[in-house]
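# Results of the structural survey
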Amino acid sequence: PVWSPAGECLRIRIRRRDVDRDISNPKDPKYLLVPQPGQPYSAPLMLPPVDVSPDLSTWVVIEAEMDAEAVHYACGGKVGVLSILTVRVKPDVAAHAALSRAARILVALDFDQDKADGSNPGADAWPWWEQTYPQARLWPVPEGKDPGEAFALGVNLAEWIDTGVPLRAA
């Protein structure tokens, strides 16, 4: 579930078991999103930085909501995290406003290097982010395809993100 700051359930996303999917059909979704009316229910998950000025903030753009929550937690809430669910989704008005003010944006979309057709949707999405936000940096995980895999492989998520945060006064 995605919760609003007021405790309202905004949306529910369900991961389907592989046995319930047609693995041979690339269009058979891994996740089901319980349909909700318009905004804010269809908005991307935004986990804002805690006690950081918007103009000094760093935001991390990630696909999966659970990965976003893991990164936000690992960094002690000092970076904002935006979960867009899929590389095809772009920030909504609220997310765009936060990203536009940020000092740095780390674009950490999934990098699937094992796609059968040789494509890499995360890498293919990068030019839009680079053109839209001059403060954006391509920031793939050092191991695995996403933060969840990286964590499982022993990557310290806070250290990975911290190396992309601009220098700041102590």
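Here the residue index of a chain counts from 1 through its sequence in written order. The predicted origin of the model limits local features to residues at a pLDDT of at least 70 and limits the giving and counting of side-chain atom pairs to 80 or more, whereas totals for whole chains, interfaces and linings rest on all residues. Excluding hydrogens and water, the side-chain values take into account all heavy atoms of the structure.

### Looking at the environment of D110
Going along the chain from the N terminus, every DSSP run of H or I of four or more residues is numbered as a helix, and every run of E of two or more is numbered as a strand. With respect to the helices and strands, D110 occurs in the loop between β8 (104–107) and α3 (121–132). The sequence separation of D110 and G144 amounts to 34 residues, and the corresponding C-alpha distance is 8.9 Å. When residues no more than four places from it in sequence are discounted, the contact partners of D110 are E63, N120, G122, K145 and D146. Two N or O atoms count as a polar contact when they lie within 3.5 Å, although within protein this holds only if one can serve as hydrogen donor and the other as acceptor, and sequence-adjacent residues are included solely when both atoms are side-chain atoms. In terms of polar contacts, D110 uses its side chain to reach the side chain of K145, at 3.3 Å. Contacts are assigned to residue pairs with any non-hydrogen atoms lying within 4.5 Å of each other.

### Some points on the nonpolar core
The criterion is simple. A nonpolar core is a set of buried Ala, Val, Leu, Ile, Met, Phe, Trp, Tyr and Cys residues joined through side-chain atoms within 4.5 Å. Relative accessibility decides the category of a residue: with a 1.4 Å probe and only protein chains considered, values under 20% of the type maximum give buried, values over 50% give exposed, and everything between is partly exposed. Grouped together as the largest cluster of nonpolar side chains are 21 residues, with contacts concentrated most on V60, I62, V71, V79, V81, W160 and I161. Looking at this core, the elements that each hand over two or more residues are β5 (45–47), β6 (58–62), α1 (65–74) and α5 (157–162). At three residues, α5 tops the list of elements feeding residues into this core. Ignoring any residue separated from it by four or fewer positions in sequence, one finds I161 in contact with V60, V71, C75, V79, L106 and W139. Counting 17 residues, the second-largest nonpolar core is a separate cluster that includes V61, I105, L109 and W126.

By themselves these figures say nothing about function.
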